[in-house]
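# Architecture at a glance
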Amino acid sequence: MAAAAPVYREITTAGVVLGVLQGVILTASFVYIGLKLGFGLSGSSVAAIMGFALLRGVGRGVLKIPGAGSIVENNINQTIASGINTASSGVVFTFPALLLLGMEGQFNVWTIIAAGVAGSFMGIVVIIPLRKQLIEIERLRFPSGVAVATILKSPGAGSEKAILLGVGFAFALVLTLSTSGSIGLIPETLSIGNWIMEAAGMEPVGAMGLALGGTALSLSMANFGAGLLSGKGGLPFALGGMLAWWVIGPFVVGQGWAPEASGEELVGAVYGSMLRPVGIGILIGGAFAGVVAAFPALRGAIKSLQSAAKLAKQGGGTSEELSPTVLVVGLIGSFIALFAVTYVEGMMGGGELTIGTVVIVAIAATLWLGLAGLIVAQATGATDISPLSGLALIAITLMLGLTGGHVILAVTIGVAVCIATGQCGDMMHDLKTGHLIGGVPRKQQLVQFAVAWIGPAIAIGVTLLLWKGGPGGMNGFGPESPACAERLPGCLPAPQAEVLQQMITGVLEGDAPVDKYVAGAAIGGLGVLVGLAMYLPFEITLGYGIGCLTAMGIERVKGYRYIGNVVVPLAAGLIIGEALTNLTLTMIKLIGGGA
Amino acid sequence: MKQLAFWVFVAGVIISACYGAKLAPVEEGAGSGPDGAVTPTDRISSWWDAAAMPFSVGVLMMVGGGLLGRHIDKLAHASAHEGQVSASGDGPGEVMDKIGKELDQLPAGNLGDSVQEVQAGLDRVLEELVPEFLLHRTRMIADMGLEHFAEMIGQFSSFERNTARAWSALTDGVPSEAEVSIERAKVALVQAKEAFDRSAAGADSASA
């Protein structure tokens, strides 16, 4: 009797359990890091490497499970782990603001968890047509997705590519160590413009002072690597930065429209009160324009999903895609969940909202959630950068306006939006990885659905736990917490939540730069990438742009095959090298009580 | 003419963005809210009063230049339709045929006996021929229209994914999965080619 053909392992108990365990551990760790340092991290590459060690190394090597740790099984493991831990950023950027505003005891934590879970599901639902649109039709690069695919494919990719991956990794490791705060051999950012002014004996004032003062270059290899992977497609992002800092900024200063200041203060004032708010407006307008321009493609994408489902039914099999029915049911379900959350927070227990306002808030939240998902998916697809906190700020501003200043409801919706957009960005990267290694999109989306509730619950639970770790069961983090006031090593300043707290106070007092948002939205036809470039500091945009130009130059000289064979593994190594080195340094710092 | 459209667009972008960033603060206590509080509407009206005319002119130039540029691009695409080729000299249809031939040439039967040979063939498809096909992406969108392109590229992507899956399965030592995936890839490629041909036939009859 012939031996049965071995099964190709994809969704397995081992892969799912390992993914969930890694996801939970990474979520708890990243909540702590987010409260300490103010930024989020992605766990995809960590999960993929651990997957190799445990699923393939232990499963195949030690436990002798035939075929254990296959490329697609490890992809499911990293999809689950990153799908869970992505909620940590969404929670840390928003929820702690309620605690810092002294509202503990006034909100229902279960409502906030429910909003987070609804956001998490909706993030996955929105991705169903966007996967076709952005990965298949627009062919966006998703640099981190490509980097993780390179790790997953490394066992069969040949020694040359493995060496290039290693070279990129080693270079990024050395540079990241050299620029890290504790070692500091090289500055993290090169203040090119300031050097020129010093050499020429110029004063950092006026239009030229701003153009040069704002010109700096981040030595981030992940940033450069993302540019390398994006090539020509990322050029609008680089051009947007140049437009902002070399044209608009100097013009407004030259006209005398900017606040009276010089040097860093001038750069900060123009960036904070002019360029960044207009950039946020362009992001919103660009997303709207993108939806209109992409409408025929989205219709084609949905048609293609429908025909794939039909063909699979006729053939008696299952489609590789989730059907459009899931999209419709998911959108309705998310709307109902957001409506319920708004109803509970806004009308029950003496809430002051009317049923009409509750309906409007739920509709606006659902629409904004979808639009923000598109913005993040596009931005992260082209640049690897996702403006999560900015989009959450807009959601909260919008909700404060619609509800007449209902802070708890606004932040609750902000939690949902921030988690949803994070989920969109992560899912798109995972699906790009899947596309490159031959994973089945439907399977990836199904496992992400299955675990989508875990991340918000863990992240909110850990945040509350850390808050209650303070004296008297409160004030465990924030600038006013005892640990931070006394500058103790355990201080968790929660910088993003503090910004949000100040922003909420500002909006309630009428300080939000709504005029800049409106102006930016009106010129939003420029696209999401130009808006993102104005929203971010120039040092990031410039480093990325140099990566794009380098890739274009290499392609022109060596051809596009060289890009695939040499540049992609090298750039993947740069991205993974910096991410893992920074993660390790952060962990060491936290264990040592530094930072 | 295209150059003119481009520079009108660029000038429009610069003018609208510069005037969009113009600060027009409303003094505290001078707003229309309770006790003179500044409202969002106050901020928008104050900025509009200070920048309306140049900002609007900039937006109009941007939109006008953009639309004109797109129109000229469309005309250029239409006239260049016949001579559509890549650096290798092949159009998208020919590249799809080359991919099909490459897949057909892979060793048949038990792939476990010829893993390296099959992987090399799959590598050629994924790393050389697929990027060559995608070089025509913009052109195909212009010729086929976004909706038809979306339907065709959906099938093409299914072919790509299954080819990549075959590569992964061979690396993982599961040739039976690779065989199934290659068959699926071939079917998806045929469907993509059919969608491409249908669209090309439609375009030809429309132009005739």
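Computed from a predicted model, the values in this text were never measured in an experiment.

The subject of this paragraph is the overall build of chain A. Scanning chain A for helices and strands turns up 26 helices and two strands. On C-alpha atoms alone, chain A measures out to a radius of gyration of 24 Å, which is about the 25 Å that the 2.2 N^0.38 rule sets for 595 residues. On the principal axes, the C-alpha backbone points of chain A span a range of 85 × 65 × 55 Å. For chain A, the proportion of its 595 residues judged to be buried stands at 58%. Taking as baseline every contact in chain A between residues at least 6 positions apart, the subset at least 24 positions apart corresponds to 81%. Here chain A has roughly 21900 Å² of accessible surface; of this, 67% comes from carbon and sulfur atoms. Distance between charge centres in chain A, computed from 27 positive and 28 negative side chains, equals 19 Å.

Let us now look at the overall build of chain B. When its secondary structure is counted, chain B shows seven helices and zero strands. The helix and strand sequence of chain B, counted from the amino end, reads α-α-α-α-α-α-α. For a compact globule of 208 residues, the expected C-alpha radius of gyration is about 17 Å, and chain B comes in at 27 Å, more than 25% above that figure. When the 208 residues of chain B are sorted by exposure, 45% land in the buried category. Long-range pairs, those at least 24 residues apart, make up 68% of the contacts in chain B between residues at least 6 apart in sequence. Surface exposure of chain B reaches about 10100 Å², of which carbon and sulfur atoms provide 58%.

Let's shift gears to the domain arrangement of chain B. Parsing chain B into structural domains produces domain 1 (2–80) and domain 2 (84–207). If you average the C-alpha positions of domain 1 of chain B and of domain 2 of chain B, the two centres end up 44 Å apart.

Among the nonpolar cores identified, the biggest contains 106 residues, and A:Phe95, A:Leu98 and A:Trp368 are the most heavily contacted of them. In terms of residue count, the dominant contributor to this core is helix α18 (residues 407–437) of chain A (16 residues). The residues touching A:Phe95, leaving out its near neighbours within four places in the chain, are A:Phe107, A:Ile112, A:Val411, A:Val415, A:Ile460, A:Thr463 and A:Leu464. One finds A:Phe30, A:Trp245, A:Ala519 and B:Leu106 within the second-largest nonpolar core, a separate group that totals 105 residues.

Take the environment of B:Arg161 next. As for its position among the elements, B:Arg161 is in helix α6 (residues 146–171). Taking the C-alpha atoms as reference points, B:Arg161 and B:Glu179, separated by 18 residues in sequence, lie 14 Å from one another. What B:Arg161 contacts, discounting residues up to four positions off in sequence, is A:Arg131, A:Glu136, A:Glu320, A:Glu321, A:Gly434, A:His435, A:Gly438, A:Gly439 and A:Pro441.

What follows covers a nonpolar patch on the surface. Residues and elements named next belong to chain A. Together, Tyr 343, Val 344, Met 348, Ile 355, Val 359, Ile 363 and Leu 367 make up a nonpolar patch on the protein surface, roughly 590 Å² of accessible area in all. Residue assignment for the nonpolar patch shows that the elements contributing at least two residues are α15 (324–347) and α16 (355–383). Here the element with the most residues in the nonpolar patch is α16; it accounts for four residues. Its place among the elements puts Ile 363 in helix α16.

When two helices pack together, their arrangement is given by the angle between their axes and by how far apart the axes lie. All names here are of chain A. Two elements in contact, helix α3 (residues 71–85) and helix α7 (residues 143–153), have axes whose closest approach is 10 Å; the angle formed by their N-to-C orientations is 140°. One way to sum up the angle between α3 and α7 is to call them oblique. Here α3 and α7 pass one another in a crossing that is right-handed. For the pair α3 and α7, the contacting residues are Ile 71, Asn 74, Asn 75 and Gln 78 in the first and Val 148, Leu 152 and Lys 153 in the second.

It is worth spelling out the pattern of salt bridges at this point. Scanning the entire structure with this criterion turns up 18 salt bridges over all chains. Its salt-bridge partner being A:Glu136, residue A:Arg131 comes within 3.0 Å of it at the nearest N-O pair. Taking the relative accessible area as the measure of exposure, A:Arg131 reaches 2% and is therefore buried. Looking at A:Glu136, the relative accessible area reads 1%, which means it is buried. Note that A:Glu136 and A:Lys132 form a salt bridge whose closest N and O atoms lie 2.7 Å from each other. With A:Glu136 and A:Lys132 both in helix α6 (residues 109–137) and four residues apart, this pair spans about one turn of that helix. One salt-bridge network, in which partners are shared between bridges, spans A:Glu10, A:Lys443, B:Arg165 and B:Glu177.

Residue-level contacts link 52 residues of chain B with 65 residues of chain A. Carbon and sulfur atoms supply 62% of the area that chain B and chain A bury against each other, a total of about 4900 Å² over both sides. For the pair chain B and chain A, the interface holds four salt bridges. B:Arg165 is paired through a salt bridge with A:Glu10; the nearest N and O atoms lie 2.8 Å apart. Inspection of the chain B/chain A interface yields 13 residue pairs in polar contact (both at pLDDT 80 or more). Elements represented by at least two residues in the side of chain B that touches chain A include exactly α1 (2–20), α2 (40–80), α4 (115–134), α6 and α7 (175–207) of chain B. When residues of the side of chain B that touches chain A are assigned to their parent elements, the largest contribution, 20 residues, is made by α6(B). Of the residues that constitute the side of chain B that touches chain A, the class distribution is 27 nonpolar, 12 polar and 13 charged.

Looking now at the packing of aromatic side chains. The full count for this structure, using the stated rule, is 16 aromatic pairs over all chains. With centroids separated by 6.3 Å and ring planes inclined at 20°, the aromatic side chains of A:Phe339 and A:Tyr343 adopt a geometry described as stacked. With a gap of four residues between them, A:Phe339 and A:Tyr343 both fall in helix α15, about one helical turn apart. The class for A:Phe339 is partly exposed, based on a relative accessible area of 24%. Relative accessible area serves as the criterion here: at 33%, A:Tyr343 is assigned to the partly exposed category. The structure contains a cluster of three or more aromatic residues connected by ring pairs, namely A:Phe251, A:Trp257 and B:Tyr19. The lysine or arginine in question, A:Lys153, covers the ring of B:Trp167, its NZ or CZ lying 5.0 Å from the ring centre. Here the guanidinium or amino end of A:Lys558 rests over the ring plane of A:Tyr562, the centre of that ring lying 5.2 Å away.

Thresholds applied
Residues numbered from 1 in each chain as written. Chains lettered and ligands numbered in written order. Predicted model: local features only at pLDDT ≥ 70, side-chain atom pairs only at ≥ 80, totals over all residues. Heavy atoms only, no water. Helix = DSSP H or I, 4+ residues; strand = E, 2+ residues; numbered from the N terminus. Rg over C-alpha atoms; globule rule 2.2 N^0.38 Å. Buried < 20%, exposed > 50% of the residue type's maximum accessible area, 1.4 Å probe, protein only. Contact = heavy atoms within 4.5 Å. Areas by Shrake-Rupley, 256 points an atom, 1.4 Å probe, with all protein chains shown as cover. Lys, Arg positive; Asp, Glu negative; His and termini not counted. Charge placed at Lys NZ, Arg CZ, Asp CG, Glu CD. Domains from an automatic or database assignment. Core = buried A, V, L, I, M, F, W, Y, C linked by side-chain atoms within 4.5 Å. Patch = residues over 30% accessible without salt bridge, like charges linked within 9 Å, V, L, I, M, F, W, Y side chains within 5 Å. Salt bridge = Lys/Arg side-chain N within 4 Å of Asp/Glu carboxyl O. Axes fitted to C-alpha atoms, helices over the stretch in contact; angles between N-to-C directions. Parallel < 35°, antiparallel > 145°, perpendicular 65-115°, else oblique. Left-handed = near helix turned anticlockwise from the far one by under 90°. Buried area = accessible area lost by both parts, 1.4 Å probe. Polar contact = N/O pair within 3.5 Å; in protein donor to acceptor, adjacent residues only side chain to side chain. Nonpolar A, V, L, I, M, F, W, Y, C, P; charged D, E, K, R; others polar. Phe/Tyr/Trp six-rings, centres within 6.5 Å; stacked < 30°, edge-to-face > 60°. Lys NZ or Arg CZ within 6 Å of the ring centre and 35° of its normal.

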